[in-house]
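For reference, the chains in residue letters:
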Amino acid sequence: MARRPSSRIDELPPSMRDRIPFLLYRAAEASHALANQMLAEVDLSARQAGILTMVTESGPMTQKALGDALRIDRTTMVALIDDLEDKRYVTRQRHPRDRRAFLVHPTEAGHAAKSAAIRILDEQQRRYLAPLTPAERDQLGALLKRLHTPAEADPDQQGRAWRSPPKTARLADRTQSSKSLDVDRDGV
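Predicted model, so just to flag it, every value in this text is computed and none were measured.

Cut-off values and rules
Residues numbered from 1 in each chain as written. Predicted model: local features only at pLDDT ≥ 70, side-chain atom pairs only at ≥ 80, totals over all residues. Heavy atoms only, no water. Axes fitted to C-alpha atoms, helices over the stretch in contact; angles between N-to-C directions. Helix = DSSP H or I, 4+ residues; strand = E, 2+ residues; numbered from the N terminus. Left-handed = near helix turned anticlockwise from the far one by under 90°. Contact = heavy atoms within 4.5 Å. Nonpolar A, V, L, I, M, F, W, Y, C, P; charged D, E, K, R; others polar. Polar contact = N/O pair within 3.5 Å; in protein donor to acceptor, adjacent residues only side chain to side chain. Salt bridge = Lys/Arg side-chain N within 4 Å of Asp/Glu carboxyl O. Buried < 20%, exposed > 50% of the residue type's maximum accessible area, 1.4 Å probe, protein only. Pairing = 2+ DSSP bridges. Expected span 1.5 Å × (residues − 1). Core = buried A, V, L, I, M, F, W, Y, C linked by side-chain atoms within 4.5 Å. Parallel < 35°, antiparallel > 145°, perpendicular 65-115°, else oblique.

Draft legend 1. View of the packing of helix 3 (residues 46-57) against helix 4 (residues 63-70). Two elements in contact, helix 3 and helix 4, have axes whose closest approach is 11 Å; the angle formed by their N-to-C orientations is 115 degrees. By crossing handedness, the relation of helix 3 to helix 4 is classed as right-handed. Residues Gly-50, Ile-51, Met-54 and Val-55 of helix 3 form the contact with helix 4, whose participating residues are Leu-66, Ala-69 and Leu-70. Taken together, the residues of the contact of helix 3 with helix 4 break down into six nonpolar, one polar and no charged.

Next comes the structure, spelled out in structure tokens:
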């Protein structure tokens, strides 16, 4: 009988459980799941809370700017904003200088929903980081912020490419992958 995959880190092979990027991914995944679970109380997702936070704290933004800031693809962003608009948390208005774009504006209800979401996310952070001491939480925060500093700011840190590769590079990778699949299918 095949063994069921484990979600426990200590049951994974060393090449996974000792790999820091994998551990970061798993930690982020668990934190995101907890955030979504807790935000369900106010009928929001973590991504929607992020959108509300951006437009209430930074002012109205285009859907594209929101997607870029939150790393959410265009199709998903439209669906998230549609839902927020249905809940009357945001409105879309034509951009005054670019008729092709819409600015996302928070409503009064959106401001209230964002405040409720932040209170929940504060509690989510407290719960998720409970195994760490206050000093460890501060250290973790400082280290993660360093990892998210653009590599251009420090030329000695060339390995810290935290941003997605340019779209042209991703397309080239996909094209290369497709060619590899064609070769594999042909048995060559």
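Draft legend 2. Region of interest: the side chain of Thr-53. Relative to the elements of secondary structure, Thr-53 occurs in helix 3. A distance of 2.8 Å separates a polar atom in the side chain of Thr-53 from the backbone oxygen of Ala-49. Once residues lying within four places of it in the same chain are set aside, the contact partners of Thr-53 are Ser-58, Lys-114 and Ile-118.

Draft legend 3. Inspection of the pattern of salt bridges at higher detail. Summed over the entire model, instances satisfying the criterion amount to 11 salt bridges. The partner of Lys-64 in a salt bridge is Asp-68, with the nearest N and O atoms 2.9 Å apart. Of this pair, Lys-64 and Asp-68 both sit in helix 4, four residues apart, which is roughly one turn of that helix. Overall, Lys-64 belongs to the exposed group, its relative accessible area being 60%.

Draft legend 4. The arrangement of the sheet that holds strand 3 (residues 102-106) in detail. Reading across from one edge, 1-3-2 is the order of the three strands in this open sheet, with antiparallel pairing throughout. What marks the edges here is a single partner per strand, and that holds for strand 1 (61-62) and strand 2 (90-94). Relative to strand 3, strand 1 runs antiparallel, the two sharing two bridges. Bridge pairing in strand 3 places Thr-62 opposite Leu-103.

Draft legend 5. Structural detail: helix 2 (residues 20-39). The end-to-end C-alpha distance of helix 2 is 28 Å, a good match for the 28 Å that 20 residues give at a rise of 1.5 Å each. Each element contacted by the buried residues of helix 2 is listed here: helix 1 (14-17), helix 3 and helix 6 (108-128).

Draft legend 6. A look at the side chain of Gln-48. In this structure, Gln-48 sits in helix 3. Residue classification places Gln-48 among the buried positions, given a relative accessible area of 5%. A distance of 3.1 Å separates a polar side-chain atom of Gln-48 from the backbone nitrogen of Ser-45. Those residues within four positions of Gln-48 in sequence are excluded, and the remaining contacts are Asp-43, Leu-80, Asp-83, Leu-84 and Lys-87.

Draft legend 7. View of the nonpolar core. Core analysis: the biggest nonpolar cluster contains 23 residues, and Leu-44 and Leu-66 have the highest contact counts within it. For this core, the secondary structure elements donating two or more residues are helix 2, helix 3, helix 5 (74-86) and helix 6. For Leu-66, the residues in contact, after removing those within four places along its chain, are Ile-51, Met-54, Val-55, Met-61, Arg-71, Met-77, Ile-81 and Val-104.

Draft legend 8. Fine view of the packing of helix 2 against helix 3. Two elements in contact, helix 2 and helix 3, have axes separated by 8 Å at closest approach and are oriented at 80 degrees. Of the possible angle classes, the one that applies to helix 2 and helix 3 is roughly perpendicular. Listed contacts from helix 3 to His-32, Ala-35, Asn-36 and Leu-39 of helix 2 are Ala-46, Arg-47 and Ala-49. A class-by-class count of the residues in the contact of helix 2 with helix 3 yields four nonpolar, two polar and one charged.

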